Amino acid sequence: MLRRAFLLTPTLLAVALPASAQSPMKAVATFSILGDLLAEVAGDKVELSVVVGPDIDAHAYQPRPTDARALAEAKVLVSNGLGFEGWIDRLAKAAPFKGKAIVATAGVATLKAGADHGHSHGHAHGNGPDPHCWQDVQRVRTYVANIAKGLAEADPPNGAYYRERAQAFDMRLVELDAWVKAEIAKVPADKRQAITGHDSFRYFASAYGVKFRSPRGYNTSSEPSARDVAALIREVREHRIKALFVENMTNPGLIDQIARESGAVVGPRLYTDALSGPDGPAPTYEKMMRHNVTALVAGMSKN
């Protein structure tokens, strides 16, 4: 009997089902870290694509035709903003993207970019704000709130679902932030310093009280000269720095030499602008922060 009643009113059935029950909303995130934050909030209500995947630098990315197609079909686009993705406006226009644009850094207090930023990435932010706000977990809580608000506006029937997931995620981020502070506190104050080959850590430094130095004359696109290496060794000795992170020096012999002559310990690769692949040590934002902090603390704690 019941079945027959349904057969008589197929139109009623279609109206009763919200569109979202038929197919998930399409959403695009510009790079891997935002892709993870978006996935945490969106759950199974969104079909997600990420423009710049794991292990790829979003600064230097060259968009492909498939990116434009994904954007043309998307209801939501999440970007970092602050000039981090220099290519996104052109891509959105070309697609064209007609959905809801969510800028994750909206309302986030920013720090000024360093003068050295342009060299290492071939993408100068000039004297504008530093875009790497995700290196401070507190600021990422604002990212998550912005993402939840934008998703709810783009897809009102699932608004409560997004808000609930964002709230649960926010609680984990509060815990993560407390964990980072407790870990850094294990290192004596005068040892909270590290040398790293890029300057994505300004927010981390300001939030968690670690001093980062970038070796002079070092940039990510070329192998350092003998003079650069000598300057680096001097700097490490002079400041008695124990933690050294030089992730894209391709010459292991050189790294061993720096460690040997400076007394510093070369740490594992830090993930700053991209997550690792699923099998790497930093497949999610939370794991990325835990990996980086664990590596930093181990390096800084050496005698």
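Since we're looking at a predicted model, the values are computed, not measured.

Rules and cut-offs
Residues numbered from 1 in each chain as written. Predicted model: local features only at pLDDT ≥ 70, side-chain atom pairs only at ≥ 80, totals over all residues. Heavy atoms only, no water. Helix = DSSP H or I, 4+ residues; strand = E, 2+ residues; numbered from the N terminus. Buried < 20%, exposed > 50% of the residue type's maximum accessible area, 1.4 Å probe, protein only. Polar contact = N/O pair within 3.5 Å; in protein donor to acceptor, adjacent residues only side chain to side chain. Contact = heavy atoms within 4.5 Å. Pairing = 2+ DSSP bridges. Right-handed = clockwise from strand over helix to strand, strands pointing away. Axes fitted to C-alpha atoms, helices over the stretch in contact; angles between N-to-C directions. Parallel < 35°, antiparallel > 145°, perpendicular 65-115°, else oblique. Nonpolar A, V, L, I, M, F, W, Y, C, P; charged D, E, K, R; others polar.

### Re the side chain of Gln193
Considering the arrangement of structural elements, one finds Gln193 in strand β5 (residues 193-196). For Gln193, a relative accessible area of 10% puts it in the buried group. Here His239 takes part through its backbone oxygen, which lies 2.6 Å from a polar atom of the side chain of Gln193.

### Re the environment of Arg139
Looking at the secondary structure, you find Arg139 in helix α8 (residues 137-154). Judged by relative accessible area, which is 15%, Arg139 ranks as buried. When the C-alpha positions of Arg139 and Val108 are compared, they lie 6.4 Å apart, and in sequence the two are 31 residues distant. Those residues within four positions of Arg139 in sequence are excluded, and the remaining contacts are Val108, Ala109, Leu111, Cys133 and Tyr203. Here the side chain of Arg139 touches Asp136 through a polar contact of 2.8 Å, side chain to side chain.

### Brief notes about the environment of Ala154
Examined against the element boundaries, Ala154 turns out to sit in helix α8. Each C-alpha atom of the pair Ala154 and Met25 lies 8.9 Å from the other, and the pair is 129 residues apart in sequence. With near-sequence residues (within four places) excluded, Ala154 lies in contact with Met25, Val76 and Lys100.

### A word on the pairing of strand β4 (residues 100-103)
Here strand β3 (residues 76-79) pairs with β4 via four bridges, running parallel. Counted as the bridge partner of Val76 is Lys100 from β4. Following the chain from β3 across helix α6 (residues 88-94) to the adjacent parallel β4, one finds a crossover that is right-handed.

### Some points on the packing of helix α4 (residues 32-42) against helix α9 (residues 159-185)
Remark: α4 packs on α9, axes separated minimally by 7 Å, with the N-to-C direction vectors making an angle of 120°. With respect to α9, the element α4 is oriented oblique. The segment α4 lies against α9, with Leu37, Ala39, Glu40, Val41 and Ala42 engaging Tyr161, Tyr162, Arg165, Ala166, Phe169 and Arg172. Counted by class, the contact of α4 with α9 contains eight nonpolar, no polar and three charged residues.

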